[in-house]
Amino acid sequence: MRHLIDPLDFSQEEITSLLDLADRIRSDPAAYQDVAAHKKLATLFYEPSTRTRLSFEAAMLNLGGHVLGFPSETVSSASKGESVADTIRVVSCYADIVAMRHPKEGAPFRASRYSRIPVINAGDGGHQHPTQTMTDLMTIRTRMGRLDNLTIGLCGDLKFGRTVHSLIKTMARCKNIRFVLISPEELRVPDYIIKDVLEANGIEYRETRSLEESMPELDILYMTRVQKERFFNEEDYIRLKNSYILTSEKMALAKPEMAVLHPLPRVNEIALDVDNDPRAAYFEQVQNGVYIRMALIMTLLGLADPKAPKEGN
Amino acid sequence: MRHLIDPLDFSQEEITSLLDLADRIRSDPAAYQDVAAHKKLATLFYEPSTRTRLSFEAAMLNLGGHVLGFPSETVSSASKGESVADTIRVVSCYADIVAMRHPKEGAPFRASRYSRIPVINAGDGGHQHPTQTMTDLMTIRTRMGRLDNLTIGLCGDLKFGRTVHSLIKTMARCKNIRFVLISPEELRVPDYIIKDVLEANGIEYRETRSLEESMPELDILYMTRVQKERFFNEEDYIRLKNSYILTSEKMALAKPEMAVLHPLPRVNEIALDVDNDPRAAYFEQVQNGVYIRMALIMTLLGLADPKAPKEGN
Amino acid sequence: MRHLIDPLDFSQEEITSLLDLADRIRSDPAAYQDVAAHKKLATLFYEPSTRTRLSFEAAMLNLGGHVLGFPSETVSSASKGESVADTIRVVSCYADIVAMRHPKEGAPFRASRYSRIPVINAGDGGHQHPTQTMTDLMTIRTRMGRLDNLTIGLCGDLKFGRTVHSLIKTMARCKNIRFVLISPEELRVPDYIIKDVLEANGIEYRETRSLEESMPELDILYMTRVQKERFFNEEDYIRLKNSYILTSEKMALAKPEMAVLHPLPRVNEIALDVDNDPRAAYFEQVQNGVYIRMALIMTLLGLADPKAPKEGN
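Keep in mind it's a predicted model, so treat the numbers as computed, not measured.

### Some details on the overall build of chain A
Part 1 of the reasoning: Of the regular secondary structure elements, chain A holds eleven helices and nine strands.
Part 2 of the reasoning: The C-alpha atoms of chain A give a radius of gyration of 20 Å, which matches the 20 Å a tight globule of 313 residues would have.
Part 3 of the reasoning: C-alpha extents for chain A along the principal axes are approximately 55 × 55 × 40 Å.
Part 4 of the reasoning: Across the 313 residues of chain A, 61% fall into the buried class.
Part 5 of the reasoning: Counted over contacts in chain A with a minimum sequence separation of 6, partners at least 24 positions apart contribute 73%.
Part 6 of the reasoning: Treating the 39 positive side-chain charges of chain A as one cloud and the 43 negative ones as another, the clouds have centres 4 Å apart.

Below is the structure:
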């Protein structure tokens, strides 16, 4: 039985298969509408994350399956003194697959060790959020036609942003990737990412304070939010924040085929007029997230793909 | 693409079509049990309203569709700094139609402007609650056989009661309607309703303090709750409240075919012994609410009606 | 129309039929996957109980039916001044059957008096929890092959544990049952159970303080939690608590075919290493809970059993 706890649980080859399946689903969703009939997904959300939860639920419903679960700890008694190990053994009696969101790092991993059904990590603390990473990869591949030979700009909070760390680790397995790491000094990528991931693998990268100057060279711009509470003093925040807001003016400096991604929710780090730019890919990214989760549920449950390419073709 | 934000969004002719469809559904619900197969309704409830939410969910399930969403802001992260515009664009990737309840007036309207899917206003602050109004119209038409030539008594809190205002505005488009507005001085219908709706359209109305005296002339009695907190002092409330409680004694003064409506929940403004009076239509009204919402979902999604009357008949 | 409010609402013969149906479902779940198609279960949980709610929801989904409802009062407006009588009449318009959890004793019974659809008590205060009792019976019968001629040990909090009281009352109707009541002095079975249930029916029982000494004679060991807050002083709690923790050492004293039950959640009253003992039946009990609820929904809705034994066989 497979689980998905860390984005690196899947080999690059398995990720390619997953993205291929997600592409087939996107091109003909109706072919998949009964694939998971009579199967049940449990969404165990120990902290609310409405976007992620609804994306999983939409994915399962699109496959003709059912959904049950809880949307937050406030409406759950699941955690009352009960261990995650016991909870997952109970839920294994109710469902065929589970998506777990938990404020504590490692909780989904621990659950997977006791589970009789596949466990998907739907975000554990600041740790991992693998279905977001898969969604990012799908969006990059869809927009650029490849996952290799790309210059990827990551902008904003690169210190605490778990989606950024997962994306770096996963893209580091692709060929000829260059990273441009755009952040204020206070929110630079942690040293272990620089040393153990980038330098250890001989991956080209550049750290910079300026989004504006970086724009022309980027194939992908991955935006994240710069939160006020990350700064020691408000003056620094006020001085810096506008540098990391993406505007039409900055977009004018970018390549015509560049793609802008954002894990959402966006607050003000992307100006509203960028939404109409064809390079804005962040709502498409949301839609891809549903297809990736459909593909993932099918893969982990071992469901047959009605549109699988014939062998020998 | 159509939305339903304000009851007046639908012309009188469209309302007639909606009520006709709801009638056909009521007379043969099984014929409609797969009409919305593979479609998804998102219920986005930024404040809890269990009756309304469950009515929408029952409607969608009765049509063979699926439901996802959140029941209150306490279990949702949807509102964390994210605009309604962004939320609806995200939810447009998850569902085919949305019912939105929001404490702020205008939020569903704003959502509809950014949505790729039909938006139904499931109540926005003290503003509008159009599916309640449609339900009221269906119940009146079912009981009386018509929406014209009626004397309609509205009783209780006519100042803050949004269902009352919507009903007046919508019924004002029917022929030969007379309103009897029964309320304490403090809770009279607002002036703009009197001037802009009733007087501007030459509609007959009478304001009165006495439910008892009004009973004999009414075809419809629409009850609402008189809340203690609306009064400046408790003495006034205590002196007045019994006048606006419907009892069997008061029912004895009414026409034999009168119908009593109430948007529910009822607290004590209708005595329990009135429940067994055949003129009590408020639980029937709840059932009609499900049929109206089924008809509305079908209409907004453009689903074919399996029992549509043949042309030329 | 039947409801299930108290475990004794069902005769011993009806319980046997229910357990037989649950057994047939367990041996071929796929045969039942569309039995409740187009039916709707409402889960009205006025206090959270995730295990019980998800078990009901899994049961209904396994039968091909739909689910709607609320998981706790915090996300519901159902209770805002509205009586249970009104709520159930409203919900009768939305669903075909209801499972109600309520902190107040008697609320599900009161609801059943006004309901147009079957009501299942999913736990009311410290009072009753009949589907737990049915689950316990199924697990005992499955493990031992019979409900008669058993020595049943009940261990832990026998004073406040409603599942214990229900199990005693229900098992008291079986033949040749012996109870061993294992608890600290402070948490003994209430006198009315001793006098009105056990002694009034001439049922053999023994009260003891020692789990260890009782182990060898037991066919069933039903564990419950000893909560600190039940004790007058902490010293007593600390002195006693280890006596009521089930360990591998204590298991070594028991019969090889004994079965350990627990209503869950377990905190520390069963050591983790007991989980791997084949006599540990508490997770199997969870799975049986789903089958029993499937059987109960079918029974109360009068749904045909596709695997019913032919008459004359």
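### Topic: the UniProt feature "binding site: carbamoyl phosphate" (unreviewed entry) in chain A
All names here are of chain A.
Part 1 of the reasoning: According to UniProt, the "binding site: carbamoyl phosphate" (unreviewed entry) feature falls on Arg-51, Thr-52, Arg-101, His-129, Gln-132, Leu-264 and Pro-265.
Part 2 of the reasoning: Tracing the chain through its elements places Arg-51 in helix H2 (residues 50-62).
Part 3 of the reasoning: In this structure Arg-51 comes out as buried when scored by relative accessible area, which is 15%.
Part 4 of the reasoning: Here Thr-52 lies in helix H2.
Part 5 of the reasoning: In this structure the side chain of Thr-52 is engaged in a polar contact, spanning 3.1 Å, whose partner is the side chain of Ser-49.

### With respect to the UniProt feature "binding site: L-aspartate" (unreviewed entry) in chain A
Part 1 of the reasoning: Sites flagged by UniProt as "binding site: L-aspartate" (unreviewed entry) map to Lys80(A), Arg162(A) and Arg225(A).
Part 2 of the reasoning: When sequence neighbours within four positions are dropped, the list of residues in contact with Arg225(A) reads Asp157(A), His262(A), Pro265(A), Val267(A) and Glu269(A).

### Here we look at the relation of the copies chain B and chain C
Part 1 of the reasoning: For the pair chain B and chain C, the superposition axis carries a translation of 0.0 Å, the fit reaches an RMSD of 0.0 Å, and the rotation angle comes to 120°. The two molecules are tied by a three-fold rotation axis, judged by turn and shift.
Part 2 of the reasoning: When you check the interface residues of chain B against chain C, a mere 8% turn up at the interface there too, and the two sides of the contact use different surfaces.

### Here we look at the domain arrangement of chain A
Residue and element names in this part refer to chain A.
Part 1 of the reasoning: Structurally, chain A comprises domain 1 (7-128 + 289-301) and domain 2 (131-280).
Part 2 of the reasoning: Each side of the interface is counted separately: domain 1 has 28 residues, and domain 2 has 18 residues.
Part 3 of the reasoning: Buried surface at the junction of domain 1 and domain 2, summed over both partners, amounts to about 2000 Å²; 57% is from carbon and sulfur atoms.
Part 4 of the reasoning: Considering only the surface of domain 1 that becomes buried against domain 2, Leu-8, Gln-12 and Leu-19 emerge as the three largest contributors, covering 27% of it.
Part 5 of the reasoning: The tally of links from domain 1 across to domain 2 stands at two salt bridges.
Part 6 of the reasoning: As a salt-bridge pair, Asp-20 and Arg-141 come within 2.9 Å of each other at their nearest N and O atoms.
Part 7 of the reasoning: Where domain 1 meets domain 2, there are nine residue pairs in polar contact (both at pLDDT 80 or more).
Part 8 of the reasoning: Within the residue set of the side of domain 1 that touches domain 2, elements represented by two or more residues are helix H1 (12-27), H2, strand S4 (119-124) and helix H11 (282-301).
Part 9 of the reasoning: The greatest single-element share of the side of domain 1 that touches domain 2, amounting to nine residues, is contributed by H1.

### Side note on the sheet that holds strand S5 (residues 150-155) of chain C
Pairing between the strands of a sheet is mediated by backbone hydrogen bonds and can be parallel or antiparallel.
Residues and elements named next belong to chain C.
Part 1 of the reasoning: Here we have five strands laid out as an open sheet, ordered S7-S6-S5-S8-S9, and parallel in their pairing. Two strands bound the open sheet, and with one partner strand each, they are strand S7 (204-208) and strand S9 (259-261). The average angle at which neighbouring strand axes cross in this sheet is 20°, direction not considered.
Part 2 of the reasoning: Taken together, the five bridges between strand S6 (residues 177-182) and S7 define a ladder with parallel strand orientation. Looking at S7, one finds that Val-180 is bridged to Arg-206.
Part 3 of the reasoning: The strands that helix H6 (residues 162-171) touches are S5, S6 and strand S8 (220-223); relative to S5, the one it contacts most, it runs at about 165°.
Part 4 of the reasoning: Here helix H7 (residues 191-199) sits on the sheet in contact with S6 and S7, set at roughly 155° to S7.

### Structural notes on the interface of chain A and chain C
Part 1 of the reasoning: Counting residues at the interface gives 21 residues for chain A and 26 residues for chain C.
Part 2 of the reasoning: Together, the buried faces of chain A and chain C total about 2100 Å²; carbon and sulfur atoms form 57% of this surface.
Part 3 of the reasoning: The interface formed by chain A and chain C holds three salt bridges in total.
Part 4 of the reasoning: A salt bridge links Glu82(A) to Arg51(C); the shortest N-O distance between them is 2.9 Å.
Part 5 of the reasoning: Seen at the junction of chain A and chain C, the total is eight residue pairs in polar contact (both at pLDDT 80 or more).
Part 6 of the reasoning: Where the side of chain A that touches chain C is concerned, the elements lending two or more residues are strand S2 (66-70) and helix H3 (84-91) of chain A.
Part 7 of the reasoning: With five residues, the single largest contributor to the side of chain A that touches chain C is S2(A).

### Some remarks on the sheet that holds strand S4 (residues 119-124) of chain B
Part 1 of the reasoning: Strands sit in the order S2-S1-S3-S4 (chain B) across an open sheet of four strands; the sheet is parallel. Looking at strand neighbours, the two that pair on one side only are strand S2 (66-70) and S4 of chain B, the edges of this open sheet. Each strand of the sheet is rotated relative to its neighbour by a mean of 15°, with strand direction disregarded.
Part 2 of the reasoning: Judged from the five bridges that link them, strand S1 (residues 40-45) of chain B and strand S3 (residues 97-102) of chain B form a sheet pairing that is parallel. Its bridge partner lying in S3(B), Leu41(B) is registered against Ile97(B).
Part 3 of the reasoning: On top of the sheet, H2(A) reaches S1 and S2 of chain B; it is set at about 175° to S2(B), its chief contact.

### Details of the interface of chain B and chain C
Part 1 of the reasoning: Taken residue by residue, the interface counts 26 residues in chain B and 21 residues in chain C.
Part 2 of the reasoning: The junction of chain B with chain C conceals about 2100 Å² of combined surface from both sides, 57% of it contributed by carbon and sulfur atoms.
Part 3 of the reasoning: Among the residues chain B hides against chain C, the three largest losses belong to Arg51(B), Leu54(B) and Leu61(B). Together they make up 26% of the total.
Part 4 of the reasoning: Linking chain B with chain C are three salt bridges.
Part 5 of the reasoning: The salt bridge involving Asp275(B) is made with Arg89(C); its shortest N-O contact spans 3.1 Å.
Part 6 of the reasoning: Here chain B is connected to chain C by eight residue pairs in polar contact (both at pLDDT 80 or more).
Part 7 of the reasoning: At the level of elements, helix H2 (50-62) and helix H11 (282-301) of chain B are the ones that each hand at least two residues to the side of chain B that touches chain C.
Part 8 of the reasoning: Broken down by class, the residue content of the side of chain B that touches chain C amounts to twelve nonpolar, eight polar and six charged.

### Some points on helix H4 (residues 107-114) of chain C
All names here are of chain C.
Part 1 of the reasoning: All of the buried residues in H4 are Ala-107, Pro-108, Ala-111 and Ser-112. Along the axis of H4, the buried positions cluster into a sector of 140°, meaning they face one direction only.
Part 2 of the reasoning: Close packing links the buried residues of H4 with helix H3 (84-91), strand S3 (97-102) and strand S4 (119-124).

### A word on the packing of aromatic side chains
Residue and element names in this part refer to chain A.
Part 1 of the reasoning: Counting across every chain of the model gives six aromatic pairs over all chains.
Part 2 of the reasoning: Centroid distance Tyr-46 to Phe-70: 5.3 Å. Interplanar angle 90°. Geometry classified as edge-to-face. Residue Tyr-46 is located in the loop between strand S1 (40-45) and H2, and its partner Phe-70 is located in strand S2; the two are separated by 24 residues in the primary sequence.
Part 3 of the reasoning: Accessibility expressed as a relative area gives 5% for Tyr-46, which makes it buried.
Part 4 of the reasoning: A cation over an aromatic ring shows up here: Arg-293 above the ring of Phe-56, its NZ or CZ 4.9 Å from the ring centre.

### Structural notes on unusual backbone geometry
Part 1 of the reasoning: Cis geometry is adopted by the peptide bond preceding Pro265(B), which originates at Leu264(B) and carries an omega value of 0°.
Part 2 of the reasoning: Relative to the elements of secondary structure, Pro265(B) occurs in the loop between strand S9 (259-261) and H11.
Part 3 of the reasoning: Its identity as a non-glycine residue notwithstanding, Leu264(A) has a phi of 60°, on the positive side.
Part 4 of the reasoning: Inspection of the secondary structure assignment puts Leu264(A) in the loop between strand S9 (259-261) and H11.
Part 5 of the reasoning: For His38(C), which is not glycine, the phi torsion reads 70° and is therefore positive.
Part 6 of the reasoning: In this structure, His38(C) sits in the loop between helix H1 (12-27) and strand S1 (40-45).

### Thoughts on the pattern of salt bridges
Residue and element names in this part refer to chain A.
Part 1 of the reasoning: In total, this model carries 69 salt bridges over all chains according to the counting rule given.
Part 2 of the reasoning: Where Glu-204 meets Arg-178, a salt bridge forms, and the shortest distance between an N and an O atom there is 2.8 Å. Taken together, the residues span a long stretch of sequence, with Glu-204 in strand S7 (residues 204-208) and Arg-178 in strand S6 (residues 177-182) at a distance of 26 residues.
Part 3 of the reasoning: Under the relative-accessibility criterion, Glu-204 is labelled partly exposed at 47%.
Part 4 of the reasoning: Several salt bridges converge on common partners, so that one network encompasses Asp-20, Asp-23, Arg-26 and Arg-141.

### Let's talk about H11(B)
All names here are of chain B.
Part 1 of the reasoning: Across its 20 residues, H11 extends 29 Å between first and last C-alpha, which sits within 8% of the 28 Å expected from 1.5 Å per residue.
Part 2 of the reasoning: Of all 20 residues that make up H11, 17 are buried, and the element is covered over most of its length.
Part 3 of the reasoning: Where H11 terminates, the next one or two residues include Gly-302, which has phi positive at roughly 65°.

Cut-offs used in this document
Residues numbered from 1 in each chain as written. Chains lettered and ligands numbered in written order. Predicted model: local features only at pLDDT ≥ 70, side-chain atom pairs only at ≥ 80, totals over all residues. Heavy atoms only, no water. Helix = DSSP H or I, 4+ residues; strand = E, 2+ residues; numbered from the N terminus. Rg over C-alpha atoms; globule rule 2.2 N^0.38 Å. Buried < 20%, exposed > 50% of the residue type's maximum accessible area, 1.4 Å probe, protein only. Contact = heavy atoms within 4.5 Å. Lys, Arg positive; Asp, Glu negative; His and termini not counted. Charge placed at Lys NZ, Arg CZ, Asp CG, Glu CD. UniProt positions renumbered as here; feature names shortened; annotations may be inferred. Polar contact = N/O pair within 3.5 Å; in protein donor to acceptor, adjacent residues only side chain to side chain. Least-squares fit on C-alpha atoms with pLDDT ≥ 70 in both. Domains from an automatic or database assignment. Buried area = accessible area lost by both parts, 1.4 Å probe. Salt bridge = Lys/Arg side-chain N within 4 Å of Asp/Glu carboxyl O. Pairing = 2+ DSSP bridges. Axes fitted to C-alpha atoms, helices over the stretch in contact; angles between N-to-C directions. Nonpolar A, V, L, I, M, F, W, Y, C, P; charged D, E, K, R; others polar. Arc of directions from axis to C-beta. Phe/Tyr/Trp six-rings, centres within 6.5 Å; stacked < 30°, edge-to-face > 60°. Lys NZ or Arg CZ within 6 Å of the ring centre and 35° of its normal. Expected span 1.5 Å × (residues − 1).

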